[in-house]
Amino acid sequence: MLLKKLQLKTIDYRFALTICFFLFFTSIITAQEVIPDVVAQKPVETPSGGKMKIDGIIATVGDYIVLDSDIDKGFLEITAQGGSVKDITRCQMLGKLLEDKLYAHQAIQDSIIVSDAEVRSMMEERLNYMTQQVGDINKVVEYYKKGSVEEFKTYFADILKEQKLASEMRDKIVKDVEITPEEVRNFFKKIPKDELPTFGAEMEVAHIVVEPKVSKEDKQKVIDRLNAIRQDVLEGSSFATKAVLYSQDPGSAPNGGYYKMTRKTPFVKEFKDVAFSLQAGEISQPFETIYGFHIIMVEKIKGQEVELRHILISPTVSEAALKEAKERITNIRNKIVNKEVTFAEAARTESDEKETRANGGTLVNPTTQDTRFELTKMDPTLYSQVSNLKGDEVSQPLLNTDDKGKKTYKLITVTNRIDEHTADYAKDYTKIKELALKEKQINAIAKWFDAKIKDTYIKIIGEYKDCTFANNWLKK
């Protein structure tokens, strides 16, 4: 039963994530202050003799409210995203909205701050997405029934701020939740044998990477270009606009190059060293990382946290450099095939990728941080590259272009294949640890809700008083 309970909770968690997704694209928030109670959904007679409902407040959580129409919008948005609402009740939808309101309310009580810069960055991202979907910002404004773009932005900023507050609060609750090996062992022992999960077929993969050499001349062209951009900004141009126009970092360019980071944020060392050496308002000189050349402008420094914008431009690789790289990796493959070196030895001595070179080219699954890749969840590109390899076969040289446009040549091989099997503590420790940690995080959140619901003003009105909630919103 233990695993079934966890699976049920996981389903609820996925439901929560689904709702979180649609919140990015709907007008869920109607106000951030308590207003007098309005009779929720009171039916009135129409001129034709039918019945209609007048929208009203159905719940209050601290300084936030929920309207009955918010639930309807929730169902519409899930359907619009291709999801099914068949098994979602109005009470479940309200329960999720109440959770988000309590998260946001408590975030304010805990002095969690969401800056205007963060909200602007999120808004740029969302508006870009929405505009791409419908083709015109005015259609977005019309959809939300606002009179102008500025009115919509003011309104939407409140929505995004609440979402960010809720997200920060959730992260705060679980960030210090850790799991010990003893807890993992006890978790596994409690699962009845007939309820042990089945893990799909997996494989471990290794690769060797050869990067085409960029000439000094091509590097200098990029440095000169970044220096020109830097000078324009010093003379009054917008760094954010320059980032949107010229940065080759797809993760930040649409947001004007914006990042918020601490020393623990997983950025390359060179980037962090420069970021934390600057004062607020200062712009760095061009500097190089494995991704290309950057300039950084620091906007704010808050304790150990830095808000910055950056521009990334990578040098162009010449056809001659690509040809030379292909010849080099072909020679490496020939040595492996002819048994002159093993794949792992070649990776340690010849690969240009620092992250995998030391461990013989073995890839780490970015989702699980394990070396195993489940076939049904493997990245489609990687799967297509390894699915037809037999035994210890080494692939032909593969030209790879990453999301930043950087080109490299690769050799890939499968180092281990694991068939579908019932969970085994020794073989599947990482996956079992993940399940145990998830259960502990769910329990921590449940405990937090129990405590905060008792200490927060909560009122539910009308027919929703008869709901059965997962949390004690009715304080019975």
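An unreviewed UniProt entry lists the protein under the name Peptidylprolyl isomerase, with Flavobacterium ginsengisoli given as the organism.

Our focus in this paragraph is the overall build of the protein. Scanning the protein from N- to C-terminus turns up 15 helices and 15 strands. When the 476 residues of the protein are sorted by exposure, 43% land in the buried category. When the accessible surface of the protein is totalled, it reaches about 26,100 Å², and 51% of it is carbon and sulfur.

Ranked by internal contacts, the top residues of the largest apolar core, which has 49 residues, are Ile71, Leu94, Leu98, Tyr103, Phe152, Phe449 and Trp473. By residue number, the principal contributor to this core is helix H6 (residues 149-174), which donates eleven residues. Beyond its immediate chain neighbours, meaning those up to four positions away, leucine 98 contacts Ala59, Val61, Val66, Ile460, Phe469 and Trp473. The next biggest cluster of nonpolar side chains, apart from the first, holds 14 residues, and it includes Ile208, Val210, Val394 and Tyr409.

A separate point is the pattern of salt bridges. Evaluation of the coordinates by the stated rule reveals 23 salt bridges. One salt bridge in this structure joins lysine 101 and glutamate 162, with 3.5 Å as the shortest N-O distance. One end of the pair, lysine 101, is in helix H3 (residues 90-109); the other, glutamate 162, is in helix H6, and 61 residues separate them in sequence. The exposure class assigned to lysine 101 is buried, which follows from its relative accessible area of 1%. In this structure, glutamate 168 engages lysine 260 in a salt bridge whose closest nitrogen and oxygen atoms are separated by 3.6 Å. Of the two residues, glutamate 168 is situated in helix H6 and lysine 260 in strand E7 (residues 258-261); the sequence distance between them amounts to 92 residues. Among the charged side chains, a network of salt bridges with common partners joins Glu118, Lys164, Glu168 and Lys260.

Helix H12 (residues 343-350) packs onto helix H11 (residues 319-337) with a crossing angle of 150° between their chain directions and a minimal axis gap of 9 Å. Classified by the angle their axes make, H11 and H12 are roughly antiparallel. As for the relative orientation of H11 and H12, their crossing is right-handed in sense. Taken together, the residues of H12 that come into contact with H11 (itself represented by Arg328, Ile332, Lys335 and Ile336) are Phe343, Ala346 and Glu350. For the contact of H11 with H12, the residue count by class is four nonpolar, no polar and three charged.

Backbone geometry places lysine 339, a non-glycine residue, at a positive phi of 65°. Take lysine 339: it is sitting in the loop between H11 and H12. We classify lysine 339 as exposed; its relative accessible area is 65%.

A few words now on the sheet that holds strand E15 (residues 458-460). Read from one edge of the open sheet, three strands run E4-E3-E15, paired in antiparallel fashion. Each end of this open sheet is capped by a strand with a single partner; those strands are strand E4 (64-67) and E15. Direction aside, the axes of adjacent strands within the sheet are offset by 20° on average. Sheet topology note: the strand E3 (residues 57-61)/E4 ladder contains four bridges and is antiparallel. Within the sheet, the bridge partner assigned to alanine 59 lies in E4 and is valine 66. Across the sheet, H3 is in contact with E3, E4 and E15; its angle to E4 comes to roughly 165°.

Quick notes on the rules
- Residues numbered from 1 in each chain as written.
- Predicted model: local features only at pLDDT ≥ 70, side-chain atom pairs only at ≥ 80, totals over all residues.
- Heavy atoms only, no water.
- Helix = DSSP H or I, 4+ residues; strand = E, 2+ residues; numbered from the N terminus.
- Buried < 20%, exposed > 50% of the residue type's maximum accessible area, 1.4 Å probe, protein only.
- Areas by Shrake-Rupley, 256 points an atom, 1.4 Å probe, with all protein chains shown as cover.
- Core = buried A, V, L, I, M, F, W, Y, C linked by side-chain atoms within 4.5 Å.
- Contact = heavy atoms within 4.5 Å.
- Salt bridge = Lys/Arg side-chain N within 4 Å of Asp/Glu carboxyl O.
- Axes fitted to C-alpha atoms, helices over the stretch in contact; angles between N-to-C directions.
- Parallel < 35°, antiparallel > 145°, perpendicular 65-115°, else oblique.
- Left-handed = near helix turned anticlockwise from the far one by under 90°.
- Nonpolar A, V, L, I, M, F, W, Y, C, P; charged D, E, K, R; others polar.
- Pairing = 2+ DSSP bridges.

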